[in-house]
Each structure stands twice: as structure tokens, then as C-alpha cells.
Amino acid sequence: MRSPLTADERLYLRALERDDAPVLAGFLAAETETFFLGHGRFPNSPLALDGWIQEIAAHQPPETLELAVCLRADDGLLGYVGVWELDWVNGTGELDVALWPASARGRGYGTGALRLLLDLAFGVYGLRALRAYVWSANTRSAATLRRAGFHDAGRLRTTVVKAGALLDQLALDLTAGDWLTRTHRERS
């Protein structure tokens, strides 16, 4: 493991590193699903992603927490999880999850990475609440969030056109109290 911040039996989270940029660019270039990319498909060069990684590290306190999701077995990079729009005063932020390749999906990595991130966000960084948004067609991501304890908080109607259809955006949220109660119950 390369400098893990937290880990479970299969995964660990670490800071994104500049040498992750070409791997992430390759993942994005090969992605066939379009419903979860809010900005649509566009080229993500290793240079652009390297700049993004450097920008994240430049702010203190951080405005964004983005962490690499890696396999313990071989240090393989699976994507990243994080929190955008960190509001340190109010203890809130917006969840960000992006895992690849497609062959890794459906194996519980998203759920595991999300649990690790939530433990950090609530237990270490002291955030009080997180929100998440997913396109209505992205049922897999919505189910993962609900399994982690997120609650439906609303629906933003017809916020984007994807493949010629108008899609709603689902809003979900989770408080630290709900997360800590849930994890205490699961571990008891």
C-alpha cells in the first residue's frame, strides 16, 4: 500500500498523485457509460488531470477532498472518491465518486470506498452532513448511496439532456449522526 489514509480488507484510500493522471485519463477515454458524467464526454488529457490534481493540493484548508481508491492486493488504481465544495464552518460538502474500469463495477468496490470515505469525512474531518446528486438513470449509484445510509432529499426535474432524453437529478443526503448510529449498530 502506498501511503494509505484509511483501508479495509480489499481497498485503501490515499491522496491522488500526479502519476495517477494518465491512468485516470485512460479510464475516462475508455468509459462507455455517459449518464454519470455531468459534463458529458470530452477529452480528459493526462496534462489536464495532472493540473486538476495539483490544484486540489494547492488549497489550505482544502476546498475539495479527492482520494485515490486502490486495491490492497496490487495497488491498482480504481478511481477516486471525495467531497467537493467543502464548507468547513458548517461541516458540509458534496460527495464525489468515480470508479473504473467498468469491469470493476458490481463487485462492492464502490460501497467499500464510500464507507472508507464516510468514516474519514465524519469521524476524522468532523463534517456534519454530506449531500450527493445522481442522474435518475444512474440507478446503480443511487442504490449504493442508499445502502450506505443516504436518504432521498428531493428531485431536481429535467436538469440535463442525455441521449436525447430529459433526466431528473436525485438529491440524497446523510448526516454524521445517522452515519455514526448506523456504523455503531453494524459493528455491535
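Just so you know, these numbers come straight off a predicted model, no measurement behind them.

### Topic: the overall build of the protein
Here is step 1: The number of helices and strands found in the protein is five helices and eight strands.
Here is step 2: Listing the helices and strands of the protein from first to last along the sequence gives β-β-α-α-β-β-β-α-β-α-β-β-α.
Here is step 3: The buried share of the protein, reckoned over its 188 residues, is 43%.
Here is step 4: Pairs at least 24 residues apart make up 60% of the contacts formed inside the protein by residues separated by at least 6 positions.
Here is step 5: Looking at charge distribution, the protein has the averaged site of its 20 positive side-chain charges lying 6 Å from that of its 23 negative ones.

### Some details on the packing of helix α1 (residues 21-30) against helix α2 (residues 46-58)
Here is step 1: Taken N-terminus to C-terminus, the directions of α1 and α2 make an angle of 125 degrees; their axes are 8 Å apart at the nearest point. Considering the angle they form, α1 stands oblique to α2. Read as a crossing pair, α1 and α2 show a hand that is right-handed. Contact with α1, carried on its side by A21, P22, L24, A25 and L28, involves P46, L49, D50, W52 and I53 of α2 and no other residues of that element.
Here is step 2: Of the residues contributing to the contact of α1 with α2, the split by class is nine nonpolar, no polar and one charged.

### Regarding the packing of aromatic side chains
Here is step 1: Under the definition given, this model contains four aromatic pairs.
Here is step 2: Seen in terms of ring centroids, W88 and Y125 are 6.4 Å apart; in terms of plane orientation they differ by 70 degrees. Their pairing is edge-to-face. Of the two residues, W88 is situated in the loop between β4 (77-87) and β5 (92-99) and Y125 in the loop between α3 (109-124) and β6 (129-135); the sequence distance between them amounts to 37 residues.
Here is step 3: Look at W88 and you get partly exposed, because its relative accessible area is 35%.

### Remarks on the nonpolar core
Here is step 1: Core analysis: the biggest nonpolar cluster contains 35 residues, and L118 and F150 have the highest contact counts within it.
Here is step 2: Discounting chain neighbours no more than four positions away, the residues touching F150 are L95, L118, L130, R131, A132, L145, L172, D173 and L174.
Here is step 3: By size, the runner-up hydrophobic cluster in this structure holds 16 residues, among which are A21, L28, I53 and A68.

### A short note on the side chain of D50
Here is step 1: Note that D50 resides in helix α2.
Here is step 2: Residues in contact with D50, not counting those within four places in the same chain, are R18 and A21.

### A few points about the packing of α3 against helix α4 (residues 139-147)
Two measures define how a pair of helices packs: the angle their axes make with one another and the distance between the axes.
Here is step 1: Across the interface, α3 lies against α4 with an axial gap of 10 Å and an inter-helix angle of 45 degrees. With respect to each other, α3 and α4 are oriented oblique. Remark: the crossing between α3 and α4 carries right-handed chirality. From α3, G110, T111, L114 and R115 reach across to α4, where they touch T144, L145 and R147.

### Overview of the sheet that holds strand β7 (residues 151-162)
Sheet strands associate in pairs through backbone hydrogen bonding, adopting either a parallel or an antiparallel arrangement.
Here is step 1: In space, the eight strands of this open sheet follow the order β1-β2-β3-β4-β5-β6-β8-β7, with mixed pairing throughout. With partners counted over all chains shown, the strands left at the sheet margins are β1 (6-7) and β7, one partner each.
Here is step 2: Inspection of the sheet shows β5 paired to β6 by three bridges, in the parallel sense. Within β6, the position partnered with E94 by the bridge is R131.

### Notes on helix α5 (residues 176-187)
Here is step 1: Its 12 residues give α5 an end-to-end C-alpha distance of 16 Å, which sits within 8% of 16 Å, the value for a rise of 1.5 Å per residue.
Here is step 2: Among all positions in α5, only A176, W179 and T183 are buried. Viewed along the axis of α5, the buried residues span an arc of 65 degrees, placing them on a single side of the element. Of the residues in α5, the exposed ones pointing more than 90 degrees away from the buried face are H184 and R185.
Here is step 3: Buried residues along α5 sit against α3 and β8 (165-175).

Reading guide: rules and limits
- Residues numbered from 1 in each chain as written.
- Predicted model: local features only at pLDDT ≥ 70, side-chain atom pairs only at ≥ 80, totals over all residues.
- Heavy atoms only, no water.
- Helix = DSSP H or I, 4+ residues; strand = E, 2+ residues; numbered from the N terminus.
- Buried < 20%, exposed > 50% of the residue type's maximum accessible area, 1.4 Å probe, protein only.
- Contact = heavy atoms within 4.5 Å.
- Lys, Arg positive; Asp, Glu negative; His and termini not counted.
- Charge placed at Lys NZ, Arg CZ, Asp CG, Glu CD.
- Axes fitted to C-alpha atoms, helices over the stretch in contact; angles between N-to-C directions.
- Parallel < 35°, antiparallel > 145°, perpendicular 65-115°, else oblique.
- Left-handed = near helix turned anticlockwise from the far one by under 90°.
- Nonpolar A, V, L, I, M, F, W, Y, C, P; charged D, E, K, R; others polar.
- Phe/Tyr/Trp six-rings, centres within 6.5 Å; stacked < 30°, edge-to-face > 60°.
- Core = buried A, V, L, I, M, F, W, Y, C linked by side-chain atoms within 4.5 Å.
- Pairing = 2+ DSSP bridges.
- Expected span 1.5 Å × (residues − 1).
- Arc of directions from axis to C-beta.

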